[in-house]
Amino acid sequence: MHHLRSKSAIYRFRLAAFLWYIGCLLFPIGGGVLIYSIIMINDELTWISMVVIIIAGLMIYAQWFVGARTICPLCITPVLGNRRCVKNRNSRKLFCSYRLRVASDILFHNSFRCPYCNEPTVLQVRPKTPNPTHPRG
């Protein structure tokens, strides 16, 4: 099991996972409410649903910036980034999305499996080990 290098990396993973997860939840909700409001001819509900869809788009757009720096400690690939690399054959999807699976694992299990190398990583700081070749120990 791999660990991350710093607390800021852990915060970055959690923020990117939260933004992706909320963005993926708000799009279908906003789309469903938009279709309902168009069928019922409700202008106020139409505007509210359009605002929800815009907020979801902004969250996913912000996630692209944060997700570009969510690096797997083993394969050095952005796990929640927008890369088109080949995935491991054993990696799993959640609702046809590798990133949604990683985001839900980060939020609910405090660990994740990289879809590219399929290695588990726990969201904890790597323990410090003394360096025997360093003069100070």
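Our subject is the structure listed above.
Predicted model only: the values in this text are computed from it and were never measured.

A. Quick peek at the pattern of salt bridges. All told, the structure shown has 1 salt bridge when counted by the stated rule. Between Asp105 and Arg101 there is a salt bridge, and its shortest N-O distance comes to 3.6 Å. Of this pair, Asp105 and Arg101 both sit in helix 3 (residues 98–109), separated by 4 residues, roughly a single helical turn.

B. Main features of the sheet that holds strand 3 (residues 120–125). Judged by pairing direction, the sheet is mixed, and its 3 strands sit side by side in the order 1-3-2 without closing on themselves. Strands at the two margins of the open sheet, each flanked by one partner only, are strand 1 (2–4) and strand 2 (111–113). On average, each strand axis in the sheet is tilted by 35° relative to the strand beside it, whichever way the strands run. Taken strand by strand, helix 1 (residues 7–40) contacts strand 1, strand 2 and strand 3, and its axis lies near 125° from that of strand 3. With respect to the sheet, helix 3 is in contact with strand 2 and strand 3, its orientation differing from that of strand 2 by roughly 155°.

C. Representation of the packing of aromatic side chains in the model. Considering all chains together, one arrives at 4 aromatic pairs under this definition. Geometrically, the ring pair formed by Phe13 and Phe112 is stacked, given 5.2 Å between the ring centres and 25° between the ring planes. Of this pair, Phe13 sits in helix 1 while Phe112 is found in strand 2, placing the two residues 99 residues apart along the sequence. Each member of the pair, Phe13 together with Phe112, is buried. Ring plane angle 80° and centroid distance 5.6 Å describe the contact between Tyr21 and Phe108, whose orientation is recorded as edge-to-face. Of the two residues, Tyr21 is situated in helix 1 and Phe108 in helix 3; the sequence distance between them amounts to 87 residues. Residue Phe108 is classed as exposed on the basis of its relative accessible area of 57%.

D. Up close: the packing of helix 1 against helix 2 (residues 43–67). The geometry of helix 1 relative to helix 2 is characterised by a closest axis approach of 7 Å and an angle of 155° between their N-to-C directions. Taken as axis vectors, helix 1 and helix 2 run roughly antiparallel relative to one another. Where helix 1 crosses over helix 2, the two elements pack in a sense that is left-handed.

E. Representation of the nonpolar core within the structure. Among the nonpolar cores identified, the biggest contains 22 residues, and Phe13, Val79, Leu80, Ile106, Phe112 and Leu123 are the most heavily contacted of them. Listed by contribution, the elements that provide at least two residues to this core are helix 1, helix 2 and helix 3. Here this core takes 7 residues from helix 1, the largest share from any one element. Those residues in contact with Ile106 that sit more than four places away from it in its chain are Phe13, Arg14, Ala17, Leu80, Ser111, Phe112 and Leu123.

Calculation notes
- Residues numbered from 1 in each chain as written.
- Predicted model: local features only at pLDDT ≥ 70, side-chain atom pairs only at ≥ 80, totals over all residues.
- Heavy atoms only, no water.
- Salt bridge = Lys/Arg side-chain N within 4 Å of Asp/Glu carboxyl O.
- Helix = DSSP H or I, 4+ residues; strand = E, 2+ residues; numbered from the N terminus.
- Pairing = 2+ DSSP bridges.
- Axes fitted to C-alpha atoms, helices over the stretch in contact; angles between N-to-C directions.
- Contact = heavy atoms within 4.5 Å.
- Phe/Tyr/Trp six-rings, centres within 6.5 Å; stacked < 30°, edge-to-face > 60°.
- Buried < 20%, exposed > 50% of the residue type's maximum accessible area, 1.4 Å probe, protein only.
- Parallel < 35°, antiparallel > 145°, perpendicular 65-115°, else oblique.
- Left-handed = near helix turned anticlockwise from the far one by under 90°.
- Core = buried A, V, L, I, M, F, W, Y, C linked by side-chain atoms within 4.5 Å.

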